[in-house]
Amino acid sequence: MRIGVLGTGAMAAALAGSWARAGHELLIGGRSAAKAETLAGRVGGRAGSLREAAGFGSVVLLAVPYAALADTLRRAGADEGTLRGRTVVDCTNPLDMATMEPAPELLDGGPSAARRIAGLVGGAHVVKGFNLAPAQVWGRSPYGPGDAPVDVPLCGDDEAALAAVRTLVGEMGCEPLDGGGLERAGLLEATAAVAAGLWGQGRQPGAVFGPAGG
Ligand SMILES: NC(=O)c1ccc[n+]([C@@H]2O[C@H](COP(=O)([O-])OP(=O)(O)OC[C@H]3O[C@@H](n4cnc5c(N)ncnc54)[C@H](OP(=O)(O)O)[C@@H]3O)[C@@H](O)[C@H]2O)c1
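The model shown is predicted, which means the values in this text are computed figures rather than measured ones. (Residues numbered from 1 in each chain as written. Predicted model: local features only at pLDDT ≥ 70, side-chain atom pairs only at ≥ 80, totals over all residues. Heavy atoms only, no water.)

A. Region of interest: the overall build of the protein chain. If you tally the helices and strands in the protein chain, you get nine helices and eight strands. Against the compact-globule benchmark of 17 Å for 214 residues, the protein chain has a radius of gyration of 16 Å, which places it among compact chains. Taken over the C-alpha atoms alone, the protein chain extends approximately 50 × 40 × 35 Å along its principal axes. Pairs at least 24 residues apart make up 71% of the contacts formed inside the protein chain by residues separated by at least 6 positions. Of the roughly 10,200 Å² of accessible surface on the protein chain, a fraction of 53% belongs to carbon and sulfur atoms. Charge-centre separation for the protein chain: the mean point of 18 positive side chains lies 5 Å from the mean point of 21 negative side chains. (Helix = DSSP H or I, 4+ residues; strand = E, 2+ residues; numbered from the N terminus. Rg over C-alpha atoms; globule rule 2.2 N^0.38 Å. Contact = heavy atoms within 4.5 Å. Areas by Shrake-Rupley, 256 points an atom, 1.4 Å probe, with all protein chains shown as cover. Lys, Arg positive; Asp, Glu negative; His and termini not counted. Charge placed at Lys NZ, Arg CZ, Asp CG, Glu CD.)

Dropping the structure here:
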């Protein structure tokens, strides 16, 4: 696949690196041309502007802070149709990146980040995923049979878009799970907020569910 990447931070590096290892063609777009060049050099893709990354592939990863969503998509030309018909992979969480506190919208029952993105992408298909585990988990893929399983719930409304992202997940040695339609993406975002709070307390989020098998 041809994959455009919006962002040059930890999630962009981890997911783009993994997808490059799986043989996909990448164009990394950042608001900083220097950071895009550096990341493209590291993962093996090309560098460009946010707009070039938006128009490059059938799949576009959106990996920027919640507070930067609208600005990033505007710079990518979404309101001019650069993303129309493409699959936008939304790995974002509505958290303050400095404090890991949930955004007010998440606490007040406002629209999920995924829903906000769907309203900004100008006819692209949004798939929510990869937001529950830290970047390091994605950066270590592909996983093999001897590794602990990594399950990846995906929420989306377009079957072809979901199928493309399931393929990417499978190539990472991870298991794609059906998380339901995009209206359920907020549940994944709230789960990530709880997990981030537990990480912040030095706890393992998985431990709140108890041992597997009851
Ligand atoms: N890191 C994780 O473990 C993790 C896990 C799951 C989900 N997520 C979510 O994934 C998204 C990306 O996280 P990340 O950890 O990759 O973030 P990061 O390392 O801080 O990188 C953020 C990227 O967004 C760009 N950006 C554009 N506008 C920005 C603005 N106004 N303020 C700050 N950065 C801006 C940054 O550009 P510059 O470099 O030019 O600042 C950088 O390329 C977030 O929504 C986060 O909640 C992160």
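B. Representation of the site of the ligand. T8, M11, R31, V64 and A135 are the nearest of the 21 residues found near the ligand. A distance of 2.9 Å separates an oxygen atom of the ligand from a polar backbone atom of A10. Contacts to the ligand include A135, whose backbone N or O atom sits 2.8 Å from an oxygen atom. Contact with the protein chains hides 74% of the accessible area of the ligand, taken as 880 Å² for the molecule alone. (Near = heavy atom within 4 Å. Polar contact = N/O pair within 3.5 Å; in protein donor to acceptor, adjacent residues only side chain to side chain.)

C. Region of the structure containing the sheet that holds strand β5 (residues 87–90). The eight strands lie next to each other as β3-β2-β1-β4-β5-β6-β7-β8, forming an open sheet whose pairing is mixed. For this open sheet the edge positions go to β3 (46–48) and β8 (175–178), each flanked by a neighbour on one side alone. Within the sheet, the average angular offset between the axes of one strand and its neighbour, ignoring direction, is 30°. Across four bridges, β5 lies against strand β6 (residues 125–128) in parallel orientation. Paired with T87 across the bridge in β6 is H125. Its contacts with the sheet put helix α2 (residues 33–43) on β2 (25–29) and β3, and the angle it makes with β2 is roughly 160°. (Pairing = 2+ DSSP bridges. Axes fitted to C-alpha atoms, helices over the stretch in contact; angles between N-to-C directions.)

D. Structural context of unusual backbone geometry. Residue P142 is reached from S141 by a cis peptide bond, and omega for that bond is 10°. Looking at where P142 falls in the secondary structure, it is placed in the loop between α7 (135–139) and β7 (151–156). One non-glycine residue, M100, lies in positive phi territory at about 65°. Inspection of the secondary structure assignment puts M100 in the loop between β5 and α5 (104–107). Owing to a relative accessible area of 34%, M100 belongs among the partly exposed residues under this scheme. One non-glycine residue, F130, lies in positive phi territory at about 70°. Within the secondary structure layout, F130 lies in the loop between β6 and α7. (Buried < 20%, exposed > 50% of the residue type's maximum accessible area, 1.4 Å probe, protein only.)

E. Structural context of the side chain of T92. Mapping T92 onto the fold places it in the loop between β5 and α5. There is a polar contact of 2.7 Å between the side chain of T92 and the side chain of D90. Excluding its chain neighbours within four sequence positions, the residues that come into contact with T92 are L62, V64, L69, A113, I117, K128, N131 and E189.

F. Broad picture of the pairing of strand β1 (residues 2–6). Judged by how many residues are buried, β1 sits mostly within the fold: four of five residues are covered. The pairing of β1 with β2 spans five bridges and is parallel. Within the sheet, the bridge partner assigned to V5 lies in β2 and is I28. Note that the unit made of β1, helix α1 (residues 10–21) and β2 has a crossover that is right-handed. Here four bridges tie β1 to strand β4 (residues 59–62), and the two strands are oriented parallel to one another. Along β4, the bridge assignment pairs I3 with V59. (Right-handed = clockwise from strand over helix to strand, strands pointing away.)

Keep in mind these numbers describe shape, not what the thing actually does.
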